[in-house]
Amino acid sequence: MANVTAKMVKELRDATGVGMMDAKRALVEVEGDMDKAVDLLREKGMAKAAKKNDRIAAEGLASAYVAGNTAAVVEINSETDFVAKNTLFQDLVNNVAKLVAENKPENLEAALQIKTENGTIESDIIEANTVIGEKISFRRFALLEKEDNAAFGSYLHMGGRIAVVTVLDGTTDEEVAKDIAMHVAAINPRYVDESQIPAAELEHEKTVLTEQALNEGKPAKIVEKMVEGRLKKFKAEIALVDQPFVKDPDQTVAQYVASKGASVNTFVRFEVGEGIEKKEDNFVEEVMSQVKK
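Residues numbered from 1 in each chain as written. Predicted model: local features only at pLDDT ≥ 70, side-chain atom pairs only at ≥ 80, totals over all residues. Heavy atoms only, no water.

Section: the packing of aromatic side chains
Step number 1: Across all of its chains, the model carries two aromatic pairs by this definition.
Step number 2: On the basis of an interplanar angle of 45° and a centroid distance of 6.3 Å, the ring pair of Phe138 and Phe141 is categorised as tilted. Here Phe138 and Phe141 have matching classes, each one buried.
Step number 3: Measuring from ring centre to ring centre gives 4.3 Å for Phe245 and Tyr256, while their planes differ by 20°; the resulting arrangement is stacked. Here Tyr256 lies in helix 11 (residues 253–259) and Phe245 lies in strand 6 (residues 244–245), a separation of 11 residues in the sequence.
Step number 4: Assessed through its relative accessible area of 10%, Tyr256 is described here as buried. (Phe/Tyr/Trp six-rings, centres within 6.5 Å; stacked < 30°, edge-to-face > 60°. Buried < 20%, exposed > 50% of the residue type's maximum accessible area, 1.4 Å probe, protein only. Helix = DSSP H or I, 4+ residues; strand = E, 2+ residues; numbered from the N terminus.)

Structure, rendered in structure tokens:
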């Protein structure tokens, strides 16, 4: 058997875009012949799919899955939103979320190597590439843990355009936790409470607000009080527990969960394609119209 080196595996991966283990298996099968390995992968449809790597995959679906005291949120991208309606793609996303929750991988590379019925998550995605005819990529995942006396709340908007999982301490009521997940989907807070807001971010905002007040021609004595009030409003806008609860704006999220004997521990919110250069859509009004029903 030919000596297949790490350098050869990397070269084949770079040429075809397939996963490390698939590249190694192909080289072993053809006894280290690089050209034959490329042909072999092309024949299997794997290299053809991988050549779609230069395309932008900014659509797709996010999903969530709860396995006992562990929950997973995943995002898998495609090139067009049409693929999100494909049953094969939907099943792939949901199965990946389940496997990630059950296996608790340390990183994305480890997640791709999780065993599936047909191989690994990585090989299943490559197969989906070939069958669907678009670039499919496993972009990210997050894992959340809870105690026995806590609750997960999961919510998918538009079947997975936005996926949220929340953790509430002090209650096992999943419906209350789901209420908060729906709020997070609609309002998109950045932090649980103001203690999580980085000092540098607050200082930057304070500087901006001070300049705004001064440019309005306000007296210096008044500027300080104005900035203090506006900074407080800013913190409430980005901190979940201080936001008016979407189902009852007369109380904050903190007040609502406290009325249920609970408190917010953490949350994860994935919106498909966020951070990828693409046409941005605004889902706030649509989400809020649903959560208020």
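Looking at the packing of helix 5 (residues 87–103) against helix 7 (residues 121–132)
Step number 1: Where helix 5 contacts helix 7, the two axes come as close as 11 Å, and the packing angle between them is 170°. With respect to helix 7, the element helix 5 is oriented roughly antiparallel. Every residue of helix 7 that contacts helix 5 at Leu88, Phe89, Leu92, Val96 and Leu99 is listed here: Ile121, Asp124, Ile125, Ala128, Val131 and Ile132.
Step number 2: Across the contact of helix 5 with helix 7, the residue classes tally to 10 nonpolar, no polar and one charged. (Axes fitted to C-alpha atoms, helices over the stretch in contact; angles between N-to-C directions. Parallel < 35°, antiparallel > 145°, perpendicular 65-115°, else oblique. Contact = heavy atoms within 4.5 Å. Nonpolar A, V, L, I, M, F, W, Y, C, P; charged D, E, K, R; others polar.)

Regarding the sheet that holds strand 2 (residues 70–78)
Working definition: the strands of a sheet are paired by backbone hydrogen bonds and lie parallel or antiparallel to each other.
Step number 1: Across the sheet, which stays open at both edges, the three strands sit in the order 1-2-3 with antiparallel pairing between neighbours. Only two strands of the sheet have a single neighbouring strand rather than two, namely strand 1 (59–67) and strand 3 (137–145). For this sheet, the mean angle separating the axes of adjacent strands, direction not counted, is 15°.
Step number 2: This element, helix 5, spans strand 1, strand 2 and strand 3 of the sheet and lies at about 40° to strand 1. (Pairing = 2+ DSSP bridges.)

A word on the side chain of Ser123
Step number 1: Tracing the backbone through its elements, the reader meets Ser123 in helix 7.
Step number 2: We classify Ser123 as buried; its relative accessible area is 19%.
Step number 3: There is a polar contact of 2.8 Å between the side chain of Ser123 and the backbone nitrogen of Thr120. (Polar contact = N/O pair within 3.5 Å; in protein donor to acceptor, adjacent residues only side chain to side chain.)

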